[in-house]
Amino acid sequence: MFDKVLIANRGEIACRIARTAKRLGIRTVAVHSEADARAMHVSVCDEAFLIGPPAARDSYLRSDRILEAAQRAGADAIHPGYGFLSENADFAEAVEGAGLVFVGPPASAIRAMGSKSNSKAIMAAAGVPLVPGYHGESQDAEELATEAGRIGYPVLIKASAGGGGKGMRIVRDARAFADALASARREAASAFGDDRILVEKYLERPRHVEMQVFADTHGNALHLFERDCSVQRRHQKVLEEAPAPGLDGQRRRQMGSAALAAARAVNYVGAGTVEFILDATGQFFFMEMNTRLQVEHPVTEMITGIDLVEWQLRVAAGEPLPLAQDQVPLHGHAIEARIYAEDPARDFLPAIGRLDHLREPARSEHVRVDTGVREGDDISPHYDPMIAKLVCWDLDRAGALRRMRRALADYEIAGVTTNLDFLASVVTHRAFAEAHHDPGLLDTGLIERYRSELFEDRGPAGDDVIAVAALSRLLASRSRARERASRSSDPYSPWNLATGWRLNEDNHHALEFRDGERQVAVIAHFRARGYELELNGRRVFVDGEEIGDGTLAVTIDGARLLVRTVVRGNEITIFAHGRSHRLALHTREAERDAGDGGSLVSPMPGTVIGVLVRPGDVVERGARLMLVEAMKMEHTITAPGAGVVREIFFAPGDPVGEGVELLAFEPASPTHDEEGKR
Ligand code: ADP
C-alpha cells in the first residue's frame, strides 16, 4: 500500500478521498488554486501545494504543476477524483512516466472509452448491446442524414467527445436534421474542441441505469450492482439511487455481464461505470463507460457496505479484489440528492455567493453528507457549484425516501440560492415516490413531464412566516435597545426603551417586508407578553425567545414552532416547516441596521451601478459609498462609521455575488467625540 497519495482535485471528492486515505494510514497531499487556499480539502490533508490561479485551466488542469507537487511531496500515487484530469489519458501516462501510480485504469482504457463512437465500435465487437445508430467515420452531412433516415426518426445527435449532455440534439423528422446537426457541431466544437458527432435512435421515455464495475491487475473483475440515474434535468443527474426500482435479478445479471464484457474489452483496471439506457420494455443498450469514480458512487457504498475509494487504492497498489461476485452484499436502498448552488426557477442558473448559514442534517447510519464546504465558504464562479451530496439509506426505498425528505427539510442554507426546495418537490412528487410500485413512472423525462408541478410557484409566504419575520425584528430591536441602555449614562431615558413607547406616538411599531414582488405591512402592538400583529387583515399574537444557535421558539396564536432565522444586511431568511423563505426588510429600520452592521458586502446577487467614492477618501459614518442593483431594487452601501476607503473591488457594470465584499474600508479609531454620540 502507498505511504502518501496526492489528490488532484478539490471540493467534496477530494475530502472524500482523503477520509479513506486517512483511515488506511496513508498520508495525503492536497493541491489547490489561489481561490482555494482556505478550502476544506486543503485543511483535511496533511500537506498542500498551491498550483496556480483560480481558473481550472491554470490550476486543477495543469498536469505539470500537479506532478511537480507530487514529486516535491514525495507522493507515490495520484488519485484524480472525478472531472478535471480524471479521464485524461495523457495525464495518466505522465503520472506513470514520472514513476508514480495513477489511481485509475491504464491510459489505453481511458483512450478507448474516451470517444463515444470509438467505444461503441469496441462494444459492438465485444457483443455488448448498442442503441441502433451510426458511429462511423463519415462526418458528411448528407451521409449522416441518410443514416438518420435508415435508423428511423426520432434520432439523437451526440457529440462523439461529449459529456454533460453538451452537443446533444433530438431530431423528430428529416426536415429538422440539417439545422440540428449544424448546431450540435458548433456546440461540440466549442465545448470539446472536437466537432465529430454520431447519430442514434432516440428512445422515448428511457431510463438511465449504470453498472459499477471493478477490475484488478490479477484478471479478476466484478460488478457492484446498478444505480438508477433517470431523474435528470437537461441530461444532468439530479437524483441517483441503488438498486434500480423494479429491476429484476435476471436483468441485473444480464446487465452485469454486459458491463463486465465492456470492461474486459478494454483491459480495464480499477473502478469504472458502464452506462446503459433502458427502453420501456427493459431492453438495455450501452451508452458509454466512465473510466473513473462517479459522483454518485456513495449510493453503491451504502447498499454494499464497500468503500470504493479503498478498493481503488488497493487495486492501484496491486492487491487483488477482496471479494468474489457472489460475495458482494446488496442490502437495503440508498438515494442521493445533489445539492447545488443554482436557481431551478431560472433554468438552473448556477448561483454564487457566500454560505452565510449552513446547517446539515444530523449524520447517522441512515444519513450521509459528502461535502467540501463549510459555513462562511464561498461558492465561486470558477468551479462546479455543488454544495453537497446528501445520501439516505434504509431497508427499503420507501424508508430511504422518508429519510431523504426529512434530511432535506433539516438542511439549512442561506446566502446562496440552492435547489433544496426543488429537490424536496421531486422526492415528494408521486411519480418519484411511487416508482417502486410502478417503475414505469421513472424515466429521464420525469422532471420535464411534471414541470408545472415541480416548479410550482410556492406562492406568498404564509402569515406565520411573516409573523416570525416580524417577531425576529422586534426581538432584535429590543435587544439593541437594551444594549444601548446598558451603555448609556441614563439607562432610564425614554429614548432607550424598546417597549414601543415613543414621544407622541402610540405604542406600536410599523414593519414592512418584501416577499418577492409583494409588499407586506405589519403593525406590531406591544403587549405585556409578546406582540399583537396586524397583518393581512388579521390579528395574530406572537411571542418567542431565542433558545441558542439562532433558533427561535415561537408561539403563534398558541401553537409552538421552532424556527431558525438568519439576518444579513436587509434580508431575512426563515427556516420553518422544512422550507426556507427569504424576505427583504423594507423599513427605515433596515437602512439604519445596514449602517449599524457595517456591511460592505453586496446584499444580493446583482450589479454594481455606481461607485461614489475613491480609494483614499475619508468619509463620515453613513456616507454613501456604492450603489448595487439587485432584485430590481437599488441598494446603497454606506459607511459603517467614520473611516478611510482603502480599495474598491468593482466598477459600475460588474456583476457581484451575494455577500461578496465590495470594498476595503478601514474604520477610524473611535474618538471621544464619537463615543459621546452614542
Ligand atoms: P453525456 O456524455 O453528454 O452525458 P450520454 O451519452 O451519457 O451523454 O447521455 C446523457 C443522457 O442523455 C442519458 O442519461 C439519457 O438521459 C439521454 N440519452 C442518451 N442517449 C439517448 C438515446 N439514444 N435516447 C434517449 N435518450 C438518450
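As a starting point, this report considers the structure included with it. Predicted, not measured: the structure shown is a model, and the values here were computed from it.

Among all positions of helix H5 (residues 107-114), only Ala107, Ala109, Ile110, Ala112 and Met113 are buried. Residues of H5 that are buried make contact with helix H4 (89-97), strand E5 (101-102), helix H6 (116-125), helix H9 (249-265) and strand E16 (284-290).

With that settled, consider the site of the ligand. Neighbouring residues of the ligand: 21 residues in total, closest Lys116, Gly165, Lys201, His208 and Gln232. Separating a nitrogen atom of the ligand from a backbone N or O atom of Leu203 is a distance of 2.9 Å. Within the side chain of His235, an N or O atom sits 3.2 Å from an oxygen atom of the ligand. A total of 560 Å² of accessible area belongs to the ligand in isolation, and the protein chains cover 96% of it.

A few words on the side chain of Asp36. By secondary structure assignment, the location of Asp36 is in the loop between strand E2 (27-33) and helix H2 (40-43). By relative accessible area, Asp36 is classed as buried at 5%. Among the polar contacts listed, one links the side chain of Asp36 to the side chain of Tyr60, at a separation of 2.5 Å. Among all residues touching Asp36, those that are not within four sequence positions of it are Arg10, His41, Val42, Tyr60 and Tyr383.

Attention now moves to the sheet that holds strand E9 (residues 197-201). What the 4 strands build is an open sheet, ordered E6-E9-E7-E8; its pairing is antiparallel. The open sheet has two edge strands, strand E6 (133-134) and strand E8 (169-171), and neither has a second partner. Set on the sheet, helix H7 (residues 141-151) makes contact with E6, strand E7 (155-159) and E9; between it and E9 the angle comes to about 15°. Lying over the sheet, helix H8 (residues 177-192) contacts E7, E8 and E9, oriented at roughly 25° with respect to E7.

All right, on to the packing of helix H1 (residues 11-23) against helix H11 (residues 308-316) then. Axis separation between H1 and H11 bottoms out at 9 Å; the angle between their running directions is 65°. In terms of orientation, H1 lies roughly perpendicular with respect to H11. Between H1 and H11 lies a crossing whose hand is right-handed. Between H1, through Arg16, Ile17, Thr20 and Arg23, and H11, the contact on the second element is made entirely by Leu308, Val309, Glu310 and Leu313. A per-class count over the contact of H1 with H11 returns 4 nonpolar, 1 polar and 3 charged.

A few words now on the packing of helix H12 (residues 397-410) against helix H13 (residues 420-428). Where H12 contacts H13, the axes come no closer than 10 Å and their chain directions differ by 155°. Classed by the angle they form, the pair H12 and H13 counts as roughly antiparallel. Crossing of H12 against H13: the hand is left-handed. Across the interface between the two elements, Leu401, Met404, Arg405 and Leu408 of H12 pack against Leu420, Leu423, Ala424, Val427 and Thr428 of H13. Residues that form the contact of H12 with H13 fall into these classes: 7 nonpolar, 1 polar and 1 charged.

What counts and what doesn't
- Residues numbered from 1 in each chain as written.
- Predicted model: local features only at pLDDT ≥ 70, side-chain atom pairs only at ≥ 80, totals over all residues.
- Heavy atoms only, no water.
- Buried < 20%, exposed > 50% of the residue type's maximum accessible area, 1.4 Å probe, protein only.
- Helix = DSSP H or I, 4+ residues; strand = E, 2+ residues; numbered from the N terminus.
- Contact = heavy atoms within 4.5 Å.
- Near = heavy atom within 4 Å.
- Polar contact = N/O pair within 3.5 Å; in protein donor to acceptor, adjacent residues only side chain to side chain.
- Areas by Shrake-Rupley, 256 points an atom, 1.4 Å probe, with all protein chains shown as cover.
- Pairing = 2+ DSSP bridges.
- Axes fitted to C-alpha atoms, helices over the stretch in contact; angles between N-to-C directions.
- Parallel < 35°, antiparallel > 145°, perpendicular 65-115°, else oblique.
- Left-handed = near helix turned anticlockwise from the far one by under 90°.
- Nonpolar A, V, L, I, M, F, W, Y, C, P; charged D, E, K, R; others polar.

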